[in-house]
Amino acid sequence: MKALFAAVAALALATSASAAPLNFSNYGHQDLTGFGTDFTDVYTLDLDGSTWLSGLLGTGSLLNGVPAIDIRSVTLRQVGSETDWIQTLAVDWNVADTGFESWALTPTLLGAGQWQLEVVGTSYYDKAGHGYSVDLELPEPASAALAVLALAGAGLASVRRRKA
């Protein structure tokens, strides 16, 4: 039990350490029609090797007001693989004309190569300054190695306990 607790603690510490976050944002969406203007923003990130990735997206306003931008989907894509984000804070756009939204990517193991982050939504404001910001967290290589070591230790402790 002590070995399992130590392994879990090491894993928690390892996954909490991360390299500098990647940030993508766009606060330039405008609706000049008065009916809402749809947009699709695509960002590219290159991963040298397989890695865990987590992220948060939040809507906001550079004008110190409540944003008028509806994010409908956030997806990470690579040929043959797709990971959808989960909306954690929503606005009922049938009732409100402004509001804050947030989306999250739970820690997900992504393969090496080029990935595309796609953000799809609708802008409901006639001036620039309403949009969103995305923060992606990549673990440091040393912390990923520590996580693997912690899992290996937990596996060895489990095998030893079964033999005893």
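Residues numbered from 1 in each chain as written. Predicted model: local features only at pLDDT ≥ 70, side-chain atom pairs only at ≥ 80, totals over all residues. Heavy atoms only, no water.

The next thing to look at is the overall build of the chain. Within the chain, the secondary structure is distributed over two helices and nine strands. Beginning at the N terminus, the succession of helices and strands in the chain can be written as α-β-β-β-β-β-β-β-β-β-α. Out of the 164 residues belonging to the chain, those deemed buried represent 36%. Nonlocal contacts in the chain, meaning residues at least 24 apart in sequence, comprise 83% of its contacts between residues at least 6 apart. As presented, the chain carries roughly 9,600 Å² of accessible surface, and 60% of it is formed by carbon and sulfur atoms. (Helix = DSSP H or I, 4+ residues; strand = E, 2+ residues; numbered from the N terminus. Buried < 20%, exposed > 50% of the residue type's maximum accessible area, 1.4 Å probe, protein only. Contact = heavy atoms within 4.5 Å. Areas by Shrake-Rupley, 256 points an atom, 1.4 Å probe, with all protein chains shown as cover.)

Take unusual backbone geometry next. You will see that Asn 64, though not glycine, has its phi angle at about 60 degrees, which is positive. According to the relative accessible area criterion, Asn 64 is exposed, its value standing at 77%.

Attention now moves to the confidence of the model for the chain. Looking at the chain as a whole, its pLDDT mean stands at 83, while 73% of the residues score no less than 70. This model gives residues 4-18 a pLDDT under 50, and the stretch forms 18 contacts once residues within four places in sequence are excluded. (pLDDT = per-residue confidence, 0-100.)

This brings us to the nonpolar core. Counting 22 residues, the largest nonpolar core has Leu 57, Ile 71, Leu 76, Trp 85, Leu 117, Val 119 and Tyr 132 as its most contacted members. Secondary-structure elements contributing two or more residues to this core are strand E2 (37-47), strand E3 (51-61), strand E4 (69-78), strand E7 (102-110), strand E8 (113-123) and strand E9 (130-137). (Core = buried A, V, L, I, M, F, W, Y, C linked by side-chain atoms within 4.5 Å.)

Moving on, we come to the sheet that holds strand E1 (residues 22-29). Strand order in the open sheet formed by five strands is E1-E9-E3-E7-E6, and the pairing between neighbours is antiparallel. What marks the edges here is a single partner per strand, and that holds for E1 and strand E6 (86-89). Taking each pair of neighbouring strands and ignoring which way they run, the sheet shows an average axis angle of 20 degrees. For E1 and E9, the ladder comprises six bridges, and the chain directions are antiparallel. Within E9, the position partnered with Ser 25 by the bridge is Ser 133. (Pairing = 2+ DSSP bridges. Axes fitted to C-alpha atoms, helices over the stretch in contact; angles between N-to-C directions.)

Backbone hydrogen bonds are what pair the strands of a sheet, in a parallel or an antiparallel way. Ordered in space as E2-E8-E4-E5, the four strands form an open sheet in which the pairing is antiparallel. Both outer strands of the open sheet, E2 and strand E5 (81-84), are each paired with one neighbouring strand and no more. This sheet shows a mean twist of 20 degrees between the axes of neighbouring strands, independent of strand direction. In this sheet, E8 lies alongside E4 in antiparallel orientation, the contact comprising eight bridges. Within the sheet, the bridge partner assigned to Ile 69 lies in E8 and is Ser 123.

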